[in-house]
Amino acid sequence: MNLHYEIPSDDLAHAGEASSSVKKMLVQLGIDPVRIKKAAVSMYEAEINAVIHGGGGSAEVTIDSDKIVIRIIDNGPGIADLELAMQEGYTTASDDIREMGFGAGMGLPNMKRYADELDIQTRPDKGTIVTIVVYFHQ
Amino acid sequence: MGEYFHSVTLDEAKCKGCTNCIKRCPTEAIRVRHGKARIINERCIDCGECIRICPYHAKKAITDDLSVIDSFKYKIAIPAPTIYGQFKPEYSRNRILNTFCSIGFDDVYEVARAAEYVSDATRKLLSEDGAKKPLISSACPAVVRLIQVRFPNLIDNLIKLESPMEVAAKMAKKKTAEKKKIDPSDIGVFFITPCAAKATSVKAPYESKQSSVDGVISIKSIYLKLLAKIDRTDESRQLAQAGFEGIRWANSGGEGLAVETDSFLAVDGIHNVISILEAVENDKIESVDFIEALACTGGCLGGPLAVENVYVAKTRIKKHVEASKAVQKGSRLPLEPYDESIVWTEEIAYKPVLKLDSDIEKAMKKLETLERINKDLPGLDCGACGAPSCRALAEDIVRGNAYETDCIFKLRERVRDLAAQMKELEEKSPPTMG
Ligand SMILES: Nc1ncnc2c1ncn2[C@@H]1O[C@H](COP(=O)(O)OP(=O)(O)OP(=O)(O)O)[C@@H](O)[C@H]1O
Ligand code: SF4
Ligand SMILES: [Mg+2]
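Remember, predicted model here, so these are calculated numbers, not experimental data.

Looking now at the site of ligand 2. Taken together, Cys140, Pro141, Cys195, Lys198, Leu294, Ala295, Cys296, Cys300 and Gly303 of chain B make up the full set of residues adjacent to ligand 2. In terms of residue class, the shell around ligand 2 is made up of seven nonpolar, one polar and one charged.

Next up, the structure:
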């Protein structure tokens, strides 16, 4: 099944709603809880990044019986140095954002850790597309 | 007892079919059908939220009557530490405990004392390598059952040690059998409880095949009897054995303080517990070793079967804690050697109560239908259909337990369509009448 979510810009109060909705569905499908966690955490991180760094965007999610494919799309500034951004602790988040408990520089490393496949397409001033795949069976 | 025995039940006669409880339930376990609330057994975690919220007192917790103690020769009361918060501060702990002997019990053993043994075992677990941090206390059975239905990834974090209630029951029985040379089968141990979830744990335990507790009596049901006797009770018997660490367990934060880690988190109130467990599951809680989570606001002092207001009770517990601290000069009471294991003998497994179908293809079809129905519902979550939210109604519909027209807005739409059709038909006249 295909799902579409709008991701608001800079609205941290509602950030994470898409991933928690997807999580709820995976639970109702009876997916292994360990796999659900992998999908939910990696999607949450990508979703939050789109809110904070990407100026909002959308999520396109496809679930079938053996995997979930999550695409988080934004039209923001893009990631200047992807290799650097992937490092634990690297962040460009402002002090305000850090005060709200984000900006530890752990989002991308966590995505890498939890996604079975992770692909990031990013172009300066064009935006970023993060694709996450999690398989439901080994 | 069946797997789905619950202490929390509905008093049909009192239920008015209002929708207060369905919205409050943390596991969406209640629906209103035919004017009465229905509890979905496999989802209920016995947290007692519905007992507290119901304006008509139609939700109750099944516990035993005081007369259960009559079927045993030697009767021991094991009161939860919450008991100390229920009486005016001028009554000493020892007087409160002795009063149980004035209403029919032969002996009293404090659950607070057993809590000190559980704290000791927890401290050992925390210092072991390889423990899955944060360790989560299993002292509150409603939280254990919540984890079982909603947070399967945290089952391994649970501390699989028996509750102070179980440990107290075992210790009291063993000691009495040895000292008084009484056949253990003649000894009855009765938990005096503020808690509905613990009553369920005795009748349908998850941590062992059978509980050591022989009956569960609510504080509410015997409070007046105790009050009538407390002034005239002889308090010469030394029944108070617990130290301040055990007494403090009644309060939220008490267990956390007893395990002595720099980084513990104490959370109370079932909805707060859910937020914290969600954060733990998503790796959003850093450098916390131990989590004390209690379903009731204010901890067990706020239990649905307690009598005194939780905040008043809190202040009183503090007084008892300070008094014991002074006697103990701030240090911990020594524990007698206790050689029996208090580790759970049964495992708990994930209960996927939200799963739509055991066949993933079928579940997927149902989920698609559910989403389609949900999109079509007004999204007001008004509860008039008897489900806690529009999405929950959509879920009930695909499970075959409800109809789209249970939604009053959908019903009105249908009526309007029908009316339009009737009008159209009415305007048509037979050709002969032209
Ligand atoms: N969608 C995006 N658009 C633009 N820049 C991004 C995007 N995602 C990540 N970045 C950049 O990569 C950096 C690292 O991202 P990462 O998610 O690892 O950490 P963070 O978001 O700063 O902090 P945390 O995720 O721990 O709250 C960000 O600070 C930001 O500069
Ligand atoms: S907080 Fe205490 S009284 Fe309330 S459900 Fe948990 S164990 Fe029972
Ligand atoms: Mg991030």
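Turning our eyes to something else, we now look at the nonpolar core. Ranked by internal contacts, the top residues of the largest apolar core, which has 55 residues, are Leu26, Ile63, Ile68 and Ile72 of chain A. The element best represented in this core is helix H2 (residues 33-52) of chain A, accounting for eight residues. Apart from the residues within four sequence positions on either side, Leu26 of chain A is in contact with Ile31, Ile36, Ala39, Ile63, Ile68 and Phe136 of chain A. The next biggest cluster of nonpolar side chains, apart from the first, holds 36 residues, and it includes Ala121, Ala168, Phe290 and Ile342 of chain B.

Attention now goes to helix H5 (residues 141-150) of chain B. Residues and elements named next belong to chain B. By the criterion of burial, H5 is predominantly enclosed, with nine of the 10 residues buried. For H5, the set of buried residues is Pro141, Ala142, Val143, Val144, Arg145, Leu146, Ile147, Gln148 and Val149. Elements that come into contact with the buried residues of H5 comprise strand E7 (135-136), helix H7 (196-203), helix H11 (270-281) and strand E11 (290-294).

Residue and element names in this part refer to chain B. One can read the domain layout of chain B as domain 1 (1-61), domain 2 (66-328) and domain 3 (355-434). Measuring from the centre of the C-alpha atoms in domain 1 to the corresponding centre in domain 2 gives 25 Å. Domain 1 puts 18 residues into the contact, and the matching count from domain 2 is 20 residues. For the pair domain 1 and domain 2, the summed buried surface comes to about 1400 Å²; carbon and sulfur atoms form 68% of the total. When the buried surface of domain 1 facing domain 2 is broken down by residue, Pro26, Ile45 and Arg52 rank first, second and third, together holding 34% of it. Residues Arg145 and Asp46 are paired through a salt bridge, measuring 4.0 Å at the closest nitrogen-oxygen approach. At the surface where domain 1 touches domain 2, the tally comes to five residue pairs in polar contact (both at pLDDT 80 or more). Partitioned by chemical class, the residues of the side of domain 1 that touches domain 2 number eight nonpolar, five polar and five charged.

Moving on, we come to the packing of aromatic side chains. Residue and element names in this part refer to chain B. Evaluation of the coordinates by the stated rule reveals six aromatic pairs over all chains. A ring pair is formed by Tyr206 and Trp344, whose centres lie 5.5 Å apart and whose planes are at 55 degrees; its orientation type is tilted. You can see Tyr206 sitting in the loop between H7 and strand E9 (215-218) and its partner Trp344 sitting in the loop between helix H12 (310-328) and helix H13 (360-376), a full 138 residues away along the chain. One exposure class covers both Tyr206 and Trp344, and it is buried. Directly above the aromatic system of Tyr56 lies the positively charged group of Lys16, at a separation of 5.0 Å from the ring centroid. If you follow Lys325 out to its NZ or CZ, it ends over the ring of Phe244, 5.5 Å from the centre.

All names here are of chain B. In spatial order, the strands read E7-E11-E10; together these three strands make up an open sheet with parallel pairing. Edge positions in the open sheet fall to E7 and strand E10 (264-268), since each of these has one partner strand only. Examined bridge by bridge, E7 and E11 share two bridges and lie parallel to one another. Bridge pairing in E11 places Leu135 opposite Phe290. The strands that H11 touches are E7, E10 and E11; relative to E10, the one it contacts most, it runs at about 140 degrees.

This part takes up the interface of chain B and chain A. Taken together, the contacts link 20 residues of chain B with 20 residues of chain A. Each partner contributes to the roughly 1900 Å² buried at the junction of chain B and chain A, and carbon and sulfur atoms together form 58% of this total. At the surface where chain B touches chain A, the tally comes to three salt bridges. Linking Glu45 of chain A and Lys284 of chain B is a salt bridge whose minimum nitrogen-to-oxygen distance equals 2.7 Å. Elements with a contribution of two residues or more to the side of chain B that touches chain A: H13 and helix H14 (390-398) of chain B. Of the residues forming the side of chain B that touches chain A, the biggest block, eight residues, is contributed by H13 of chain B.

Residues and elements named next belong to chain B. Read from one edge of the open sheet, four strands run E6-E5-E8-E9, paired in parallel fashion. Only two strands of the sheet have a single neighbouring strand rather than two, namely strand E6 (107-108) and E9. Taken together, the two bridges between strand E5 (residues 74-79) and E6 define a ladder with parallel strand orientation. The partner of Ile76 across the bridge, within E6, is Asp107. Across the sheet, helix H6 (residues 164-180) is in contact with E5 and strand E8 (187-193); its angle to E5 comes to roughly 145 degrees. Running over the sheet, helix H8 (residues 219-230) touches E8 and E9 and is turned about 65 degrees from E9.

Residue and element names in this part refer to chain B. Here the amide bond leading from Lys133 into Pro134 is cis, since omega sits at -10 degrees, within 30 degrees of zero. Along the chain, Pro134 falls in the loop between helix H4 (111-127) and E7. Notably, Glu28 is not glycine yet its phi reads approximately 50 degrees, a positive angle. Within the fold, Glu28 resides in the loop between helix H1 (20-24) and strand E2 (30-33). Notably, Glu260 is not glycine yet its phi reads approximately 55 degrees, a positive angle.

Okay, the pattern of salt bridges next. All names here are of chain B. Within the structure shown, the criterion is met by 38 salt bridges over all chains. Glu395 is paired through a salt bridge with Arg399; the nearest N and O atoms lie 3.0 Å apart. Judged by its relative accessible area of 3%, Glu395 falls in the buried class. By relative accessible area, Arg399 is classed as partly exposed at 26%.

Residues and elements named next belong to chain B. Summed over the entire model, instances satisfying the criterion amount to seven cavities of 30 Å³ or more. Quantified by volume, the largest cavity comes out at close to 210 Å³. Along the walls of the largest cavity sit 18 residues, with Pro81, Pro164, Lys198, Trp249 and Cys300 positioned nearest its centre. The set of elements that each furnish at least two residues to the lining of the largest cavity consists of H4, H6 and E11. Split into classes, the residues belonging to the lining of the largest cavity amount to 14 nonpolar, one polar and three charged.

Cut-offs used in this document
Residues numbered from 1 in each chain as written. Chains lettered and ligands numbered in written order. Predicted model: local features only at pLDDT ≥ 70, side-chain atom pairs only at ≥ 80, totals over all residues. Heavy atoms only, no water. Near = heavy atom within 4 Å. Nonpolar A, V, L, I, M, F, W, Y, C, P; charged D, E, K, R; others polar. Core = buried A, V, L, I, M, F, W, Y, C linked by side-chain atoms within 4.5 Å. Buried < 20%, exposed > 50% of the residue type's maximum accessible area, 1.4 Å probe, protein only. Helix = DSSP H or I, 4+ residues; strand = E, 2+ residues; numbered from the N terminus. Contact = heavy atoms within 4.5 Å. Domains from an automatic or database assignment. Buried area = accessible area lost by both parts, 1.4 Å probe. Salt bridge = Lys/Arg side-chain N within 4 Å of Asp/Glu carboxyl O. Polar contact = N/O pair within 3.5 Å; in protein donor to acceptor, adjacent residues only side chain to side chain. Phe/Tyr/Trp six-rings, centres within 6.5 Å; stacked < 30°, edge-to-face > 60°. Lys NZ or Arg CZ within 6 Å of the ring centre and 35° of its normal. Pairing = 2+ DSSP bridges. Axes fitted to C-alpha atoms, helices over the stretch in contact; angles between N-to-C directions. 1 Å grid on protein atoms, 1.4 Å probe; cavity = no way out; pocket = protein on both sides within 12 Å on 5 of 7 lines; lining within 4 Å. Points joined across faces, edges and corners; volume = space filled by probe spheres on them.

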